[in-house]
Amino acid sequence: MRKTYVMGNWKMNGSRAANATLLSGLKAGVPALRAGVEIAVCPPFVYLEATAAALAGSPIGVGAQDVSEYDKGAYTGEVSVAMLKDVGATYAIIGHSERRSLYGETDAWVTQKTVAALAGGMLPVVCIGELESEREGGLTEKVLARQLDAVLAAIPNPVPGGIVIAYEPVWAIGTGKTATPEMAQETHAFIRNHLKKGGEAFAAQTAVLYGGSVKASNAEGLFSMPDIDGGLVGGASLTADEFVGIYNGAVAAFGRR
Ligand code: 13P
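Just so you know, these numbers come straight off a predicted model, no measurement behind them.

A. Inspection of the nonpolar core at higher detail. Ranked by size, the top nonpolar core spans 67 residues in total, and within it L26, I191, L195, Y210 and F223 carry the most contacts. Considering each element in turn, this core owes the most residues, nine residues, to helix α11 (residues 240-255). Not counting residues up to four positions away in its chain, the partners in contact with I191 are I128, L144, L148, I165, Y167 and V208. Grouped together as the second largest cluster of nonpolar side chains are 14 residues, M7, A40, I93 and C127 included.

Okay, structure coming up:
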């Protein structure tokens, strides 16, 4: 059976004091994994080591929000896979729409980062998603296929350690405009089918998360869909009660699988 995940992408939010409060709330709210649902937080780079230390002994994992495609050297401002692992991160979000749209990350670049993460033994969470104008223009499947194909063509098959895909429709990020569970499922089914390019087993085993205004009140409905394997959560991951509520929604939904 595929793994299921609830991951929090803190984006550029937090402080040592705020993180300590949030993490102690999460540890209290999620003392153990239930229904096999993995949970992780992805703080800004500077807080990774302290976050991993605060979560030591808890079931909550730690991921980074980005990673360099290079191993080491003269790449000012960049952080390598080995460095992330060194401070306790086991996941890396790659190709988030904010990195693509604000920092010019291309499909090719996202692919290089994904290859580097896999080579270094880190689980990549590769983000894909269409803009509102692309959805309105009937281009959703074309855009998602292009974003997926770039990565699928470059990664080893079978993929050691696996890969996670996060579908985040850009129009639903931070807008409160969540895709309905049915709308999200339709797109997830397309993604699942497209993943068959890597073989039936690869498509069946690869977790496809949904992201975009996920909150405690809509989590269980989204996660009850057959091809939605969890969530990548932005704003609602900054509040312990909300994020724990999303985890509980995931446990309820995936406990029925
Ligand atoms: P929101 O949950 O704030 O809409 O953000 C989603 C996201 O971009 C997670 O990576």
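Moving on from the coordinates now.
B. Up close: the side chain of T51. Mapped onto the elements, T51 comes out in helix α2 (residues 48-54). By relative accessible area, T51 is classed as buried at 1%. One polar contact links the side chain of T51 to the main-chain carbonyl oxygen of Y47, over a distance of 2.6 Å. Not counting residues up to four positions away in its chain, the partners in contact with T51 are W10, L23, V41, P43 and V62.

C. Geometry of the side chain of T187. Take T187: it is sitting in helix α8 (residues 181-194). Side chain to side chain, T187 and R135 meet in a polar contact 3.3 Å long. Discounting residues that sit within four places of it in the chain, T187 has contacts with R135, T140, L144 and Y167.

D. Representation of the pattern of salt bridges. Within this structure, the stated rule accounts for 16 salt bridges. Across the pair E132 and K177 runs a salt bridge whose closest N-O atoms are separated by 3.0 Å. Of this pair, E132 sits in helix α6 (residues 132-136) while K177 sits in the loop between β6 (164-167) and α8, and the two are 45 residues apart along the sequence. The class for K177 is partly exposed, based on a relative accessible area of 41%. Each of the salt bridges in this network shares a partner with another, and the network as a whole consists of R2, R192, D227, D229 and R257.

E. Region of interest: the sheet that holds strand β5 (residues 123-128). Around the barrel, eight strands lie side by side as β1-β2-β3-β4-β5-β6-β7-β8; this closed barrel has parallel pairing. Neighbour-to-neighbour, the strand axes of this sheet turn through a mean angle of 30°, independent of strand direction. With four bridges joining them, strand β1 (residues 4-9) and strand β8 (residues 230-233) adopt parallel strand pairing. Along β8, the bridge assignment pairs Y5 with G230.

F. Layout of the site of the ligand. Every one of the 13 residues lining the ligand counts as a neighbour, but K11, H96, G174, S213 and G235 are closest to it. With respect to the ligand, the side chain of K11 contributes an N or O atom lying 2.8 Å from an oxygen atom. Relative to its unbound accessible surface of 310 Å², the ligand loses 95% to contact with the protein. Broken down by class, the residue content of the shell around the ligand amounts to four nonpolar, seven polar and two charged.

G. Inspection of helix α10 (residues 216-223) at higher detail. Of the positions making up α10, those classed as buried are N218, A219, L222 and F223. When α10 is viewed along its axis, its buried side chains cluster within an angular range of 125° and face the same direction. Tucked inside the fold, the buried residues of α10 contact β1, α8, β7 (208-211), β8 and α11.

H. Inspection of the environment of I228 at higher detail. By the secondary structure assignment, I228 is in the loop between α10 and β8. The spatial distance from the C-alpha of I228 to the C-alpha of Y247 is 14 Å, given a sequence separation of 19 residues. With sequence-adjacent residues up to four places away left out, I228 is seen in contact with P181, A184, Q185, H188, V208, Y210, L222, F223, F254 and R257.

Basis of the calculations
Residues numbered from 1 in each chain as written. Predicted model: local features only at pLDDT ≥ 70, side-chain atom pairs only at ≥ 80, totals over all residues. Heavy atoms only, no water. Core = buried A, V, L, I, M, F, W, Y, C linked by side-chain atoms within 4.5 Å. Buried < 20%, exposed > 50% of the residue type's maximum accessible area, 1.4 Å probe, protein only. Helix = DSSP H or I, 4+ residues; strand = E, 2+ residues; numbered from the N terminus. Contact = heavy atoms within 4.5 Å. Polar contact = N/O pair within 3.5 Å; in protein donor to acceptor, adjacent residues only side chain to side chain. Salt bridge = Lys/Arg side-chain N within 4 Å of Asp/Glu carboxyl O. Pairing = 2+ DSSP bridges. Axes fitted to C-alpha atoms, helices over the stretch in contact; angles between N-to-C directions. Near = heavy atom within 4 Å. Areas by Shrake-Rupley, 256 points an atom, 1.4 Å probe, with all protein chains shown as cover. Nonpolar A, V, L, I, M, F, W, Y, C, P; charged D, E, K, R; others polar. Arc of directions from axis to C-beta.

Keep in mind these values describe shape, not function.
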